[in-house]
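Structure assessment
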Amino acid sequence: VKGADPACDCMDFGEVRYGTHKSDKPLVHKITNMNSTDMLCVDAEVIKSPPVTSPFPLVAEKHELVKTRDRCRVYKLVLEAGESVSVSYPFFYLTVVLKASKVKTDVGKSEGGIGISWEQNMAVADTEWHNPTIGITITNVGDSTYEQFIAEWR
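Below: a short report on this structure. It should be emphasised that the depicted structure is a prediction, and the values quoted were computed from it without experimental measurement.

Description of the sheet that holds strand S2 (residues 72–79)
- Here we have five strands laid out as an open sheet, ordered S1-S2-S9-S4-S7, and antiparallel in their pairing. Of all the strands in the sheet, the pair left with one neighbour each is strand S1 (63–69) and strand S7 (127–130). Taking each pair of neighbouring strands and ignoring which way they run, the sheet shows an average axis angle of 20°.

Encoded structure:
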């Protein structure tokens, strides 16, 4: 917090943190990589609550709830090569890729409709904001494990 003494801390790869930012006490941080390996930090700030939120945490295959705070829930999605999951995200969310792979996304096909699909090579730290999404299937069509965080904003 601006005006406070610095705090020393350590983080591990894939760790999720959530801090409240207030306009009268902005959060200022300086990050130093203390070793020779690459370091990556993704920061996201929510200015206001989204117009739609979910009162209940997501319960879905291949998803693990890893963090809950008053304005945020974070899930970890893990798909081994060849695995798929069909899911709906009835909330606004941010995705951050932890382990890269090639991913196929199908929207609207799970209900037997004429949906759309596309493939993407997802890289570590790829970050994307999403609107609520109903009835998608995510398939890891790559050769390695795919992992991503899904941060639900409330």
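With respect to the environment of valine 85
- Here valine 85 shows up in strand S3 (residues 84–89).
- C-alpha separation for the pair valine 85 and asparagine 140, spaced 55 residues apart in sequence, amounts to 9.2 Å.
- Among residues more than four places away in sequence, those in contact with valine 85 are Glu61, Lys62, His63, Leu77, Leu79, Ile136, Thr137 and Ile138.

Details of the nonpolar core
- Leu58, Leu77, Val87, Tyr89, Phe91, Ile138 and Ile150 are the most contacted members of the largest nonpolar core, which has 16 residues in total.
- If we skip the residues at most four places from it in the chain, leucine 77 touches Lys62, His63, Val85, Tyr89, Ile138, Tyr146, Glu147, Gln148 and Ile150.
- If you look at the next biggest cluster of nonpolar residues, it comprises nine residues, including Cys72, Leu94, Val96 and Ala151.

As for the pattern of salt bridges
- Evaluation of the coordinates by the stated rule reveals five salt bridges.
- A salt bridge links lysine 62 to glutamate 83, with the nearest nitrogen and oxygen atoms 3.0 Å apart. A residue pair is termed long-range when its members are at least 10 positions apart, and lysine 62 in the segment before S1 and glutamate 83 in the loop between S2 and S3 qualify at 21 residues.
- Residue classification places lysine 62 among the partly exposed residues on the basis of a relative accessible area of 32%.

Quick look at the environment of glutamine 120
- Looking at where glutamine 120 falls in the secondary structure, it is placed in strand S6 (residues 116–122).
- With 16 residues separating them along the chain, glutamine 120 and lysine 104 place their C-alpha atoms 6.5 Å apart.
- Here the side chain of glutamine 120 touches tryptophan 118 through a polar contact of 3.2 Å, side chain to side chain.

Comments concerning the sheet that holds strand S5 (residues 101–107)
- Strands sit in the order S3-S8-S5-S6 across an open sheet of four strands; the sheet is antiparallel. Across the chains shown, the open sheet's two edge strands, defined by having one partner strand only, are S3 and S6. Direction aside, neighbouring strands of the sheet carry axes that sit 25° apart on average.

Points about the environment of alanine 125
- Relative to the elements of secondary structure, alanine 125 occurs in the loop between S6 and S7.
- Each C-alpha atom of the pair alanine 125 and cysteine 41 lies 8.4 Å from the other, and the pair is 84 residues apart in sequence.
- Those residues in contact with alanine 125 that sit more than four places away from it in its chain are Leu40 and Val97.

Criteria and thresholds
Residues numbered from 1 in each chain as written. Predicted model: local features only at pLDDT ≥ 70, side-chain atom pairs only at ≥ 80, totals over all residues. Heavy atoms only, no water. Pairing = 2+ DSSP bridges. Helix = DSSP H or I, 4+ residues; strand = E, 2+ residues; numbered from the N terminus. Axes fitted to C-alpha atoms, helices over the stretch in contact; angles between N-to-C directions. Contact = heavy atoms within 4.5 Å. Core = buried A, V, L, I, M, F, W, Y, C linked by side-chain atoms within 4.5 Å. Buried < 20%, exposed > 50% of the residue type's maximum accessible area, 1.4 Å probe, protein only. Salt bridge = Lys/Arg side-chain N within 4 Å of Asp/Glu carboxyl O. Polar contact = N/O pair within 3.5 Å; in protein donor to acceptor, adjacent residues only side chain to side chain.

Geometry only, nothing functional implied.
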